[in-house]
Every structure is written in C-alpha cells, then in structure tokens.
Amino acid sequence: MTQFIESFLQALAAGLLIGAVYGLMCVGLGLIFGVMRVINFAQGDFMMLGMYTAFYIFTTLGVRAAFGNVIGPFISILLAGPVLAVFGYAIHSLLISRVSGTKTASLEGEGHYAQLILTLGIALILQNGGLIVFGSVLASIRTPLSSSAWELGPYLDMSIFINKARGIDAIISLVTMLLLSLLIARSRIGKSLRAAADNPTAATYMGIDVDRAHRVAFALGTGITAIAGGLLATNYPFHPFVGLDYVIVMYAGVVLGGMGSIIGAFWGGMTIGLVQQMSTIVLPTQLQNAAIFVVFLLIIFFRPQGFFGRMVERT
C-alpha cells in the first residue's frame, strides 16, 4: 500500500510539472483562436521552430559561454519567445491576414476553409523546410538539471523526487501565464485584444484596429508556444516533425478548457499532463495518449462546453 501511495504521489507531482508546460503550450493556441477564431494547424510547427531557435541561441550565439550549461538553456528559451513572436507577426501580415479578420467577413464560412488549407500548407512547408535545414538527427537542450532531482521527504518512509529541470520549467510556465494574464487584463493592448475577440464590428466603430489586434494576438500566441516548446526540449529530444506529436494535445487542451478561454486552455493542458503521467500507474507508457483521449471524451460527454466555456442556450 505504501508503495502504491508513493507511486501515486510521484505521478501526481510529475503530472503537475509537465501539465504546467502543456498548459502554456495550449494557451498560445487558445489566444490565437480566442481572439481571431482561426484554426491554426501550423501551431505545432511554430513550437518546433521555437525549440530549434532556443537550441541554436544556446549553442551558437554565445549564451552557453556567457551563462553556462545550467542557466544558459533557460535564457535561450526565453529569448526564443520574442524571436518567434516577430516571426509570427510577419507570417500573419504576409499570409494569415489574407484569410482572416475584417477582410473575410463577407466570405463563405468567414474564410475558415481558406484558413484550414493555408495553415496546413504552412505546416508542411515548415516541417519539410526544417528537415532540409536542421536534418533528421534528434536534438535536445540538455542541462545538468535534467538529470538531477530534489527529494521531498522521506515522510512515513516515502520520498517524492522532483526533476529540477521540470520544476524550473513549471515555474517559468506559471510566471509567463501570470504576465500574460496581467497584459490582457490591464494593458491597452490587452483591452484591444478583448474587444476584438468579443465583438470585432463594435471594436472597429470604437476606433480599434481589429486587424492589428489580430496580428498582436498571433504574435503573442506564437511566442508563448515557442517558449513552451523550448521548456519541453530540456527533457525531451525533438526533430522537425515533432509538432505533429503536440498539435493534437494543444487542440485537446483548448477544447477541454472551453473554446476561447485562455485560463481554460491552461487548465486543459494541465489536465492532459496529469492524465498522461498518472495513467502510467496502471497502464504501459505506450497507452498514455489513449488514456488522454478516453478522459477527453468523458469530459466532453458530460461537459461539452469545456471547463470554462459557457453552455449556449437554444431557443
């Protein structure tokens, strides 16, 4: 019995840590969908670019020499966020803006059909372009913290081990989420994003540049997901097609939290992390994703609007 409780607490701790990073990853996609209502299938590949950007900032731009192998990877990850935000801003200006925003209000399906094809095309270009540029060899942003742990205990002959890299990843995720919440709640940019999300037409009449708000939302969502990807890379190797492994997790988290809810997307990602880790108590590792989607279907069956979504009343 003691061994089971110890395994349960260990899985719970691991689930909370990885869930915080998954939550941040889902927030990036949730921000884009919540403000723009764009279904972005390239989000996983933006995360992949964030991983490689952090990797090359760390290995080739002198961050390792300046900050060392312990702090350097996290500095590189935080720097990758603004880089990918600029990239996301440019992608929106050049491509996404053509099939979203005020320009598509009169199109059939409000441009969603074109958005699907465009974002799928961007994803394919990034995947295959990444394969050409980066190669197929697995990369990782390893730090000495990735192979060491803090011990909580022993209490009642039980000890819980917290991986140091995952612990710092979770702290960075929570701080990033807090800063984003403050930005959206209290800044002028945040107010314009909320107005553009709630009622684009009314926001336009109030003098808000809705298309600019969409560009900012897309840039923020891309940068946040890039940071989450870099944090994952401290524990997991990656390759140019790694986005395929996580884009489904992102959408599952966004749907679980409630479409359009940023806080909900974070808790959706947290739920996925918990289920993934705690399922290993009774299931083999290969069935982690199966457990995730069984729980996903159960939650959607009983609460189809998600954790923070509102039930639409039919008249």
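Use the structure listed above.
Cut-off values and rules
- Per-chain numbering applies: the sequence of each chain, read as written, is numbered from 1 onward.
- At least 70 in pLDDT is required for a residue's local features to be given in this predicted model, at least 80 for side-chain atom pairs to be given and counted, and no such filter applies to totals for whole chains, interfaces and linings, which use all residues.
- Side-chain figures throughout are based on the complete set of non-hydrogen atoms in the structure, without hydrogens or water.
- Cavity: a set of points on a 1 Å grid over the protein atoms alone where a 1.4 Å probe fits but cannot get out. Pocket: an open set with protein on both sides within 12 Å along at least five of seven lines, its lining residues, like those of a cavity, having an atom within 4 Å of a point.
- Grid points are joined across faces, edges and corners, and a volume is the space filled by probe spheres set on the points.
- Runs of E in the DSSP output that reach at least two residues are strands. Runs of H or I that reach at least four are helices, and both are numbered from the N terminus.
- A patch consists of residues whose relative accessible area exceeds 30% and which take part in no salt bridge; residues with like charges are grouped when within 9 Å of each other, and nonpolar side chains (Val, Leu, Ile, Met, Phe, Trp, Tyr) when within 5 Å.
- Each accessible area is a Shrake-Rupley result for a 1.4 Å probe, and residues are judged covered by the shown protein chains and nothing else.
- Between Lys or Arg on one side and Asp or Glu on the other, a salt bridge is scored when a side-chain nitrogen of the former is within 4 Å of a carboxyl oxygen of the latter.
- Planes of paired rings set the category: under 30 degrees apart is stacked, over 60 is edge-to-face and the rest tilted, where pairs are Phe, Tyr or Trp rings (Trp by its six-membered ring) whose centres lie within 6.5 Å.
- Per-residue accessibility, obtained with a 1.4 Å probe over protein chains only, is compared with the maximum for each type, and a residue is labelled buried under 20%, exposed over 50%, and partly exposed between these values.
- To define a nonpolar core, start from buried Ala, Val, Leu, Ile, Met, Phe, Trp, Tyr and Cys residues and group those joined through side-chain atoms within 4.5 Å.
- Residues are treated as being in contact if the distance between any of their heavy atoms lies within 4.5 Å.

A word on empty space enclosed by the protein. Tallied over the entire structure, the rule returns two cavities of 30 Å³ or more. Around the largest cavity, the lining residues are Leu17, Ile18, Val21, Arg166, Asp169, Leu231, Leu232, Asn235 and Tyr236. At the level of secondary structure, the elements contributing two or more residues to the lining of the largest cavity comprise helix 1 (2–36), helix 5 (164–186) and helix 8 (210–232). The biggest single contributor to the lining of the largest cavity is helix 1, with three residues. Counted as a void, the second largest cavity has a volume near 30 Å³.

Turning our eyes to something else, we now look at a nonpolar patch on the surface. A surface patch of nonpolar side chains, amounting to about 460 Å² of accessible area, comprises Ile171, Val175, Leu178, Leu179 and Leu182. Examined against the element boundaries, Leu178 turns out to sit in helix 5.

Let's shift gears to the packing of aromatic side chains. Summed over all chains, the structure comprises 13 aromatic pairs. The interplanar angle of 80° and the centroid separation of 5.1 Å between the aromatic rings of Phe55 and Tyr56 together place this pair among those described as edge-to-face. Take Phe55: its relative accessible area is 18%, and that puts it in the buried class. In this structure an aromatic cluster arises from ring pairing among Tyr52, Phe55, Tyr56, Phe134 and Phe238.

Nonpolar side chains in soluble globular proteins tend to be buried together. Membership of the largest hydrophobic core comes to 83 residues, with the highest contact counts inside it found for Tyr22, Met25, Leu231, Leu232, Phe238 and Tyr246. Counting residues per element, this core draws most heavily on helix 1, at 15 residues. Those residues in contact with Leu231 that lie beyond four places of it in its chain are Val21, Leu24, Phe74, Ile77, Asp169, Ile172 and Ser173.

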